Amino acid sequence: MTRHDDSLDVPVTELAAQAVPASEIARRLGVTTQRVHSVLHYLRRHGVTFPPVRPGKPCGPQGAQLTRLNAETRAALEPHAIARGMETKALAVRILDVVIRDNLIDAILDDKETGQ
């Protein structure tokens, strides 16, 4: 079986070599802790060495819970996610976080004037 996504190999390896906890690696890369552990497991099986990685403090979801992106939306977000070195779902969550944090919902939807 071939891996489809190896984009996290280098950043995870670099952070793991610095003894950064898995939860912090996940937070920095915008992925889940589960994803980090998967990458670590794969890398170790293929001969990459780094110190043991502590789990760290539990962290909230970084995109894994957002599962209903249609193909068109996923395709539109994908190049932007790749440019930032993150998963497409994680980018979608990050965008939503910024929209909510900066109170941009009305500005983006612009539906107050039309009454829709």
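Preceding block: the structure.
Okay, so let's go over this structure. (Residues numbered from 1 in each chain as written. Predicted model: local features only at pLDDT ≥ 70, side-chain atom pairs only at ≥ 80, totals over all residues. Heavy atoms only, no water.)

**Describing the packing of helix H1 (residues 9-17) against helix H2 (residues 22-29)**
To characterise two packed helices, one gives the angle between the axes of the helices and the distance between these axes. Running from N to C, H1 and H2 cross one another at 140 degrees; their axes reach a closest spacing of 10 Å. Relative to H2, the element H1 lies oblique. Between H1 and H2 the crossing geometry is right-handed. Every residue of H2 that contacts H1 at Pro11, Val12, Leu15 and Ala16 is listed here: Ile25, Arg28 and Leu29. Residue composition of the contact of H1 with H2, grouped by class: six nonpolar, no polar and one charged. (Axes fitted to C-alpha atoms, helices over the stretch in contact; angles between N-to-C directions. Helix = DSSP H or I, 4+ residues; strand = E, 2+ residues; numbered from the N terminus. Parallel < 35°, antiparallel > 145°, perpendicular 65-115°, else oblique. Left-handed = near helix turned anticlockwise from the far one by under 90°. Contact = heavy atoms within 4.5 Å. Nonpolar A, V, L, I, M, F, W, Y, C, P; charged D, E, K, R; others polar.)

**Regarding H2**
Of all the positions in H2, only Ala22, Ser23, Ile25, Ala26 and Leu29 are classed as buried. One side of H2 carries all its buried residues, which in axial view fall inside an arc of 160 degrees. Those residues of H2 that are buried are in contact with H1 and helix H3 (33-45). Gly30, located one to two residues past H2, shows a positive phi value of around 70 degrees. (Buried < 20%, exposed > 50% of the residue type's maximum accessible area, 1.4 Å probe, protein only. Arc of directions from axis to C-beta.)

**Quick notes on the environment of Ala19**
Among the secondary structure elements, Ala19 is positioned in the loop between H1 and H2. Since its relative accessible area comes to 40%, Ala19 is described here as partly exposed. Sequence-wise, Ala19 and Phe50 are 31 residues apart; in three dimensions their C-alpha atoms are separated by 8.2 Å.

**Thoughts on the pattern of salt bridges**
Taken as a whole, this structure holds four salt bridges when the rule is applied. Residue Glu24 is joined to Arg27 by a salt bridge in which the shortest nitrogen-to-oxygen separation is 2.5 Å. With Glu24 and Arg27 both in helix H2 and three residues apart, the pair spans about one turn of that helix. Among the ionic pairs, Arg101 bridges to Asp102, the shortest N-O distance being 2.9 Å. Note on Asp102: relative accessible area 37%, which makes it partly exposed. Each member of the salt-bridge network shares a partner with another, and the members are Glu24, Arg27 and Arg28. (Salt bridge = Lys/Arg side-chain N within 4 Å of Asp/Glu carboxyl O.)

**Brief notes about the environment of Leu8**
One can find Leu8 in the segment before H1. For the pair Leu8 and Met86, spaced 78 residues apart in sequence, the C-alpha separation works out to 8.0 Å. With near-sequence residues (within four places) excluded, Leu8 lies in contact with Leu29, Val31, Arg35, Val39, Gly85 and Glu87.

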